[in-house]
Amino acid sequence: METIGFIGLGIMGRPMAANLVKGGFAVIGYDVVPQNCKDAAGRGIQIASSAAELAGKCSVIIQMLPTPAICLESAADVGKHAKPGTLLLDMSSLSPMTVREIHALLAEKGIRMMDAPVSGGEPKAVDATLAIMAGGSREDYDRALPVFKPMSASTILVGQVGAGCIAKLANQIMVGVNIAAMGEAFTLAAKAGVDPGLVFEAVRNGLAGSTVLNQKGPMILERNYTPGARMEIHIKDFVNVLETAHSMSSPVPLTASVMEMMQSLKANGMGQIDHGGVVRFYEMIAGVEVKKGS
């Protein structure tokens, strides 16, 4: 069984790496945040002193990092220290342009690469039911599949390198717009004097029902904005959506609208809250508080 390196032990990476350990893999992890490393060590993950040290010891390396710049920097370190034939799985949310840049950088060193972003947020990272959208060769996918399985409920090879990120951007459009629509609907109910909690119960088993509604609805109604997926991270994903869509002349007007809502909340100090907090935008403009029992 291959030794897995895991770079990025934050909200998502830590439980994903822990599930690889549960799946029988030896996992060596690294994160620039010492507390993340300490928490991961308590879950059976060996901790490296640097990404460079990790890269030299592992045949498969996973990156789960927050920004394109950090992903590129980390991949450059991997490229300097990993052995030819090593497979890098970047499971971060990136644009296909960034993914292809990383792919080209690593190919010069004889290192294989796939993009394999995930959907499901922290809850599904914890219970190992993530959806993985992979881009790369069939050969690399077959090699990576045993690594994906302990972390996921479904894994799909969408196409060549970069295709996984296109699928993830499509996912983020649907999630972000769905969350905004939910916030708009709950705000309408609250403004009309109807309990949004009862509206949630009334619609959840109808056509409006969805995983997003069932996961984020209760959090919104309890005014729980503890981040499973931070607003600022969804903004980063929407930057990638807009950049990618505009490069192909593919209009994304709903994404652009929700992006402005999220940007206004970030400007008001709410970039660190869960993306379900988009409802706060509607509360501000409607002058009403959305909560269960109101």
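Before reading on, note that the structure itself is shown above.
Residues numbered from 1 in each chain as written. Predicted model: local features only at pLDDT ≥ 70, side-chain atom pairs only at ≥ 80, totals over all residues. Heavy atoms only, no water.

Just checking my understanding: could you explain the overall build of the chain for this structure?
Per the secondary structure count, the chain includes 13 helices and 9 strands. For the chain, whose C-alpha radius of gyration is 20 Å, the value lies close to the compact-globule estimate of 19 Å for 294 residues. Taking the principal axes of the C-alpha coordinates as reference, the chain spans close to 65 × 45 × 35 Å. A burial count over the chain gives 51% of its 294 residues as buried. Contacts in the chain between residues at least 24 apart in sequence constitute 68% of all its contacts with a sequence separation of at least 6. Total accessible area on the chain stands at roughly 12600 Å², and carbon and sulfur atoms take up 58% of it. (Helix = DSSP H or I, 4+ residues; strand = E, 2+ residues; numbered from the N terminus. Rg over C-alpha atoms; globule rule 2.2 N^0.38 Å. Buried < 20%, exposed > 50% of the residue type's maximum accessible area, 1.4 Å probe, protein only. Contact = heavy atoms within 4.5 Å. Areas by Shrake-Rupley, 256 points an atom, 1.4 Å probe, with all protein chains shown as cover.)

Hey, could you run me through the side chain of T255 in this one?
You can see T255 is positioned in helix 12 (residues 253–267). Setting aside anything within four residues of it in sequence, one finds T255 in contact with I173, V177, F238, V241 and L242.

Which parts of the structure should I look at to understand the packing of helix 4 (residues 68–81) against helix 5 (residues 96–107)?
Their axes nearest at 10 Å, the elements helix 4 and helix 5 cross at an angle of 10°. As judged from the angle between their axes, helix 4 and helix 5 are roughly parallel. Contact residues: P68, C71, L72, A75, A76 and G79 in helix 4; T98, E101, I102, L105 and L106 in helix 5. Here the contact of helix 4 with helix 5 is composed, by residue class, of 8 nonpolar, 2 polar and 1 charged. (Axes fitted to C-alpha atoms, helices over the stretch in contact; angles between N-to-C directions. Parallel < 35°, antiparallel > 145°, perpendicular 65-115°, else oblique. Nonpolar A, V, L, I, M, F, W, Y, C, P; charged D, E, K, R; others polar.)

How do you make sense of helix 10 (residues 211–221) when you look at a structure like this?
Along an α-helix, residues three or four apart share an orientation, since each turn contains 3.6 residues. Looking at helix 10, one finds that the buried residues are V212, L213, K216, G217, M219, I220 and L221. Looking at the buried positions of helix 10, the neighbouring elements they touch are helix 8 (163–191), helix 9 (196–203) and helix 13 (279–286). Backbone geometry just downstream of helix 10 places R223 in the positive-phi region, at approximately 55°.

So what exactly am I meant to see when it comes to the pairing of strand 8 (residues 130–135) here?
Note on strand geometry: in a regular strand, side chains alternate between the two faces of the sheet. Strand 8 sits mainly inside the fold: 5 of its 6 residues count as buried. Pairing of strand 7 (residues 118–119) with strand 8, which is carried by 2 bridges, proceeds in the antiparallel orientation. Each bridged residue has a counterpart across the sheet, and for S119 the counterpart in strand 8 is A131. In this region the chain leaves strand 8, passes through helix 7 (residues 138–148) and returns to the parallel neighbour strand 9 (residues 152–159); the handedness of that crossover is right-handed. (Pairing = 2+ DSSP bridges. Right-handed = clockwise from strand over helix to strand, strands pointing away.)

Please clarify how helix 2 (residues 34–41) should be interpreted in this entry.
Every buried residue belonging to helix 2 is among N36, C37 and A40, and all of these are buried. Seen from one end, helix 2 has its buried residues packed into an arc of 100°, which puts them on one side. The exposed set on the far side of helix 2, more than 90 degrees from its buried face, consists of P34 and K38. At its buried positions, helix 2 is contacted by helix 1 (13–22), strand 2 (27–30) and strand 3 (46–47). (Arc of directions from axis to C-beta.)

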